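Listed below are the residues making up each chain.
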Amino acid sequence: MPKRQLGGITIFGLVLVNVILYLIFPPANNGKPVFYNQFIGEILSSSAMVLMSCAFVLANRPRFLESFFGGLDQMYKAHKTAALTAIVLLFAHFFVIPLSDDPLSPGRLLGKTALVGLSILVLLTLAPRIPVVGGYIRLAYHNWRFTHKFIGLFFIVGFIHMLQVKTISEDAPIPNLYWNVIVYIGMAAYLYKELLAPFFGRSHAFVVEAARKLNGSTLEVTLKPKGQRPKQTAGQFMFVSFPADKVLAEPHPFTISSAPKEESLRLSIKASGDWTKHLYENLKAGVEAKVDGCYGHLNYKTGGKQQIWIAGGIGVTPFLSWVRDLNGEPEYEIDFFYTVRAEADALFADEFVAASQRFKRFRATINVSSKDGSLTADKVAAAIKGNVADRYIYMCGPLPMTEAFRKQFLQKGVPASNIHFEEFNFR
């Protein structure tokens, strides 16, 4: 079993153990007709609490867990999947659990408050991805990030609700103890992230050495370490913030475009949102920066000897780091494709062309879609030597691009395990 699958399997296993414990050590049947409704309802709610607890642990970005999920992007996917599944289970709990004789009791009101609050906050997260709804509900990232902090409070309210109402789980101490321990771990993870992490964080101090505008929308930021430099593997990304600026004090992820051997870190950032536009217009040399990283498992050195690299626009950054890290003739046969809309967007084409002239095993193709048309898997397959199905493929660019290429390469017989890309979608 690949190590990267162990994280998701462990989360599923924690929920499964909860269900099994309830089945092996069930509470005494009180003979009431609604006993089984109550029993199933409490299994659903406790399983939801286990999943939410896992989501809070993953929200802390524990670096030692990355390899068990296959990278931070996959860890965040597991975080979202756990939280969404928990909401579904809580709704099922709400409809299965027997009606109370006193629906306005404090315990019941707390439960309804928790369910409504969690549902609203999850809806705010999903809204941009829902057709029609996304046109009406679209929070700016910093506003969404602020509202997202309250999920933990509603989680705690839900737990207090479970302590306030009469449950049959009180007569099932073993499963009750099991999920309670996990919930306390989840609450501790949430409180640590919101209250203590800012003081005991893993950030490194840097200063902006240079902020160079490469064109009308792309900024190259050079960060010089003030102390210890974080360990970096070529192609990794980090979270960076600039505390002196109210807007830029919020951390955002960017791939490091410099090689690990360089003293300073270089970031190539395209102004595509409110935060990055503010950065492009206002960042100056001498500004203090905080760096949390490095993260990511996009590493071509773990792949086969024949590879295809595909970069779309500013998604060229991990490949820049890889090429800048080459110390000699690569031991891999690499066909690199850099696709941009216009020639002015191919900011680093000269570096890749120079690398293709320096290294026999590295071949670079620059695709300008305004004159060459869109790059496709068919064009890639026609440009390389040998069978594309035998290649390891590494991609970085807009998610619609990487998803389209993934489907096209799968249709050409490339195994899914040979296709690698990271999703920079932490919302």
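Computed from a predicted structure; not experimentally measured.

**Side note on the overall build of the protein**
Point 1. The number of helices and strands found in the protein is 14 helices and 11 strands.
Point 2. Viewed in the frame of its principal axes, the protein has a C-alpha envelope of about 80 × 50 × 40 Å.
Point 3. The proportion of buried residues among the 427 residues of the protein is 48%.
Point 4. As presented, the protein carries roughly 20,900 Å² of accessible surface, and 61% of it is formed by carbon and sulfur atoms.
Point 5. For the protein, the distance from the average position of its 45 positive side-chain charges to the average position of its 33 negative side-chain charges is 1 Å.

**Side note on a nonpolar patch on the surface**
Point 1. Together, Phe12, Leu16, Ile20, Leu23, Ile24, Phe25 and Ile174 make up a nonpolar patch on the protein surface, roughly 680 Å² of accessible area in all.
Point 2. Sorting elements by how many residues they give to the nonpolar patch places helix α1 (residues 6-24) first, with five residues.

**Looking at the packing of helix α2 (residues 35-59) against helix α7 (residues 151-164)**
Point 1. Where α2 contacts α7, the axes come no closer than 11 Å and their chain directions differ by 150°. Between α2 and α7, the angle falls in the class roughly antiparallel. The handedness of the crossing between α2 and α7 is left-handed. Residues Ser45, Ser46, Met49, Met52, Ser53 and Phe56 of α2 pack against Ile151, Gly152, Phe155, Gly158, Phe159 and Met162 of α7.
Point 2. In the contact of α2 with α7, the residues fall into seven nonpolar, five polar and no charged.

**Thoughts on the confidence of the model for the protein**
Point 1. For the protein, per-residue confidence averages 88 on the pLDDT scale, and 95% of positions sit at 70 or higher.
Point 2. Predicted confidence in the protein is weakest over helix α5 (residues 133-136), with a mean pLDDT of 59, and strongest over α1, with 95.

**Quick notes on the sheet that holds strand β7 (residues 306-312)**
Point 1. Pairing is parallel in the open sheet, where five strands are placed in the order β9-β8-β7-β10-β11. Because the sheet does not close on itself, it has two edges, and the strands there are β9 (362-368) and β11 (419-421). Each neighbouring strand pair of the sheet contributes to a mean axis angle of 15°, computed without reference to strand direction.
Point 2. Two elements, strand β10 (residues 392-396) and β11, share three bridges in a ladder whose sense is parallel. The residue bridging isoleucine 393 from the neighbouring strand is isoleucine 419, located in β11.
Point 3. On top of the sheet, helix α11 (residues 349-358) reaches β8 (333-340) and β9; it is set at about 150° to β9, its chief contact.
Point 4. The strands that helix α14 (residues 399-411) touches are β7, β8, β10 and β11; relative to β11, the one it contacts most, it runs at about 175°.

**Overview of the sheet that holds strand β1 (residues 204-213)**
Two strands in a sheet stick together by hydrogen bonds in their backbones, pointing the same way (parallel) or opposite ways (antiparallel).
Point 1. Spatially, β4-β3-β6-β1-β2-β5 is the arrangement adopted by the six strands of the open sheet, whose pairing is antiparallel. Unpaired on one side and paired on the other, β4 (252-255) and β5 (265-270) mark the two borders of the sheet. Each adjacent strand pair in this sheet contributes to an overall mean axis angle of 40°, direction not counted.
Point 2. By the bridge criterion, four bridges tie strand β3 (residues 237-241) to β4 in an arrangement that is antiparallel. If you follow phenylalanine 237 over to β4, its bridge partner there is threonine 255.

**Overview of the pattern of salt bridges**
Point 1. Following the criterion strictly, the structure yields 17 salt bridges and no others.
Point 2. When the shortest N-O distance is used, the salt bridge between glutamate 170 and lysine 166 registers 3.2 Å.
Point 3. Using a relative accessible area of 44% as the deciding quantity, one classes glutamate 170 as partly exposed.
Point 4. Between lysine 301 and aspartate 325 there is a salt bridge; the shortest N-O distance is 3.6 Å. One end of the pair, lysine 301, is in the loop between β6 (288-295) and β7; the other, aspartate 325, is in the loop between α10 (317-324) and β8, with 24 residues separating them in the sequence.

**Comments concerning the packing of aromatic side chains**
Point 1. Counting across every chain of the model gives 28 aromatic pairs.
Point 2. Centroid distance phenylalanine 94 to phenylalanine 95: 5.4 Å. Interplanar angle 85°. Geometry classified as edge-to-face.
Point 3. Relative accessible area serves as the criterion here: at 65%, phenylalanine 95 is assigned to the exposed category.
Point 4. Taken together, a centroid distance of 5.4 Å and an interplanar angle of 80° make the contact between phenylalanine 146 and phenylalanine 150 edge-to-face.

**Brief notes about the side chain of asparagine 299**
Point 1. Relative to the elements of secondary structure, asparagine 299 occurs in the loop between β6 and β7.
Point 2. Within the structure, the side chain of asparagine 299 is placed 3.0 Å from the backbone nitrogen of lysine 301, a separation counted as a polar contact.
Point 3. Setting aside residues up to four positions removed in sequence, asparagine 299 forms contacts with Thr233, Trp322 and Tyr394.

**As for the nonpolar core**
Point 1. Grouped together as the largest cluster of nonpolar side chains are 50 residues, with contacts concentrated most on Met52, Phe155 and Trp179.
Point 2. The leading source of residues in this core is α2, at 13 residues.
Point 3. Non-local contacts of phenylalanine 155, meaning those with residues more than four positions away in its chain, are made with Met49, Met52, Ser53, Phe56, Leu118, Val183, Gly186 and Met187.
Point 4. In terms of nonpolar packing, the next biggest core, distinct from the first, is built from 26 residues, Ile334, Val340, Ala346 and Tyr394 among them.

About the thresholds
Residues numbered from 1 in each chain as written. Predicted model: local features only at pLDDT ≥ 70, side-chain atom pairs only at ≥ 80, totals over all residues. Heavy atoms only, no water. Helix = DSSP H or I, 4+ residues; strand = E, 2+ residues; numbered from the N terminus. Buried < 20%, exposed > 50% of the residue type's maximum accessible area, 1.4 Å probe, protein only. Areas by Shrake-Rupley, 256 points an atom, 1.4 Å probe, with all protein chains shown as cover. Lys, Arg positive; Asp, Glu negative; His and termini not counted. Charge placed at Lys NZ, Arg CZ, Asp CG, Glu CD. Patch = residues over 30% accessible without salt bridge, like charges linked within 9 Å, V, L, I, M, F, W, Y side chains within 5 Å. Salt bridge = Lys/Arg side-chain N within 4 Å of Asp/Glu carboxyl O. Axes fitted to C-alpha atoms, helices over the stretch in contact; angles between N-to-C directions. Parallel < 35°, antiparallel > 145°, perpendicular 65-115°, else oblique. Left-handed = near helix turned anticlockwise from the far one by under 90°. Contact = heavy atoms within 4.5 Å. Nonpolar A, V, L, I, M, F, W, Y, C, P; charged D, E, K, R; others polar. pLDDT = per-residue confidence, 0-100. Pairing = 2+ DSSP bridges. Phe/Tyr/Trp six-rings, centres within 6.5 Å; stacked < 30°, edge-to-face > 60°. Polar contact = N/O pair within 3.5 Å; in protein donor to acceptor, adjacent residues only side chain to side chain. Core = buried A, V, L, I, M, F, W, Y, C linked by side-chain atoms within 4.5 Å.

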